[in-house]
Amino acid sequence: MKELVEKIAAEYAEFAKDAAAQAENGNKAAGARARKASLAIEKAMKEFRKASLEAAK
């Protein structure tokens with residue numbers, strides 16, 4: 001589960017960097033990367049939820 005949390009943190013850092021580039025500079029390619037990263041974060045968060053429920057049992 002620790003690895004999953006690290007993966008989520010790394011993906012969020014990538015998302016934040018690209019989202020900021022789009023917002024500040026209007027970089028369209030960064031916006032596409034940010035959207036792709038947000039989907040990866042969503043998938044990882046679902047995995048975390050499953051792992052967290054298993055650990056709680």
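Just so it is clear, the structure is predicted and the values come from calculations on it, not from any experiment.

Looking now at the pattern of salt bridges. Any two side chains of opposite charge can pair if their charged atoms end up close together. Evaluated as defined, the whole model comprises 3 salt bridges. With its nearest N and O atoms 3.9 Å apart, the salt bridge here joins K46 to E42. Of the two residues, K46 and E42 are both situated in helix α2 (residues 28-56); the distance of 4 residues between them amounts to about one turn of the helix. Two residues, K57 and E54, come together in a salt bridge whose shortest N-O distance is 3.8 Å. E54 shares its class with K57; the two are exposed.

Owing to its 3.6 residues per turn, the α-helix brings residues three or four apart onto one side. The end-to-end C-alpha distance of helix α1 (residues 2-25), which contains 24 residues, comes to 35 Å, matching closely the 34 Å that a straight helix rising 1.5 Å per residue would cover. Listed as buried for α1 are L4, I8, E11, D18 and A21. Tucked into the core, α1 has its buried residues touching α2. G26 sits one or two positions beyond α1 and adopts a positive phi of about 70°.

Next up on the list: α2. An ideal rise of 1.5 Å per residue puts 42 Å on 29 residues; α2 measures up with 42 Å between its terminal C-alpha atoms. For α2, the full list of buried residues reads A30, G31, A34, A37, I41 and A44. Buried residues belonging to α2 abut α1. Among the residues of α2, the N-terminal cap falls to N27, whose side-chain oxygen and the backbone nitrogen of A29 are separated by 3.1 Å.

Analysis parameters
- Residues numbered from 1 in each chain as written.
- Predicted model: local features only at pLDDT ≥ 70, side-chain atom pairs only at ≥ 80, totals over all residues.
- Heavy atoms only, no water.
- Salt bridge = Lys/Arg side-chain N within 4 Å of Asp/Glu carboxyl O.
- Helix = DSSP H or I, 4+ residues; strand = E, 2+ residues; numbered from the N terminus.
- Buried < 20%, exposed > 50% of the residue type's maximum accessible area, 1.4 Å probe, protein only.
- Expected span 1.5 Å × (residues − 1).
- Contact = heavy atoms within 4.5 Å.
- Polar contact = N/O pair within 3.5 Å; in protein donor to acceptor, adjacent residues only side chain to side chain.

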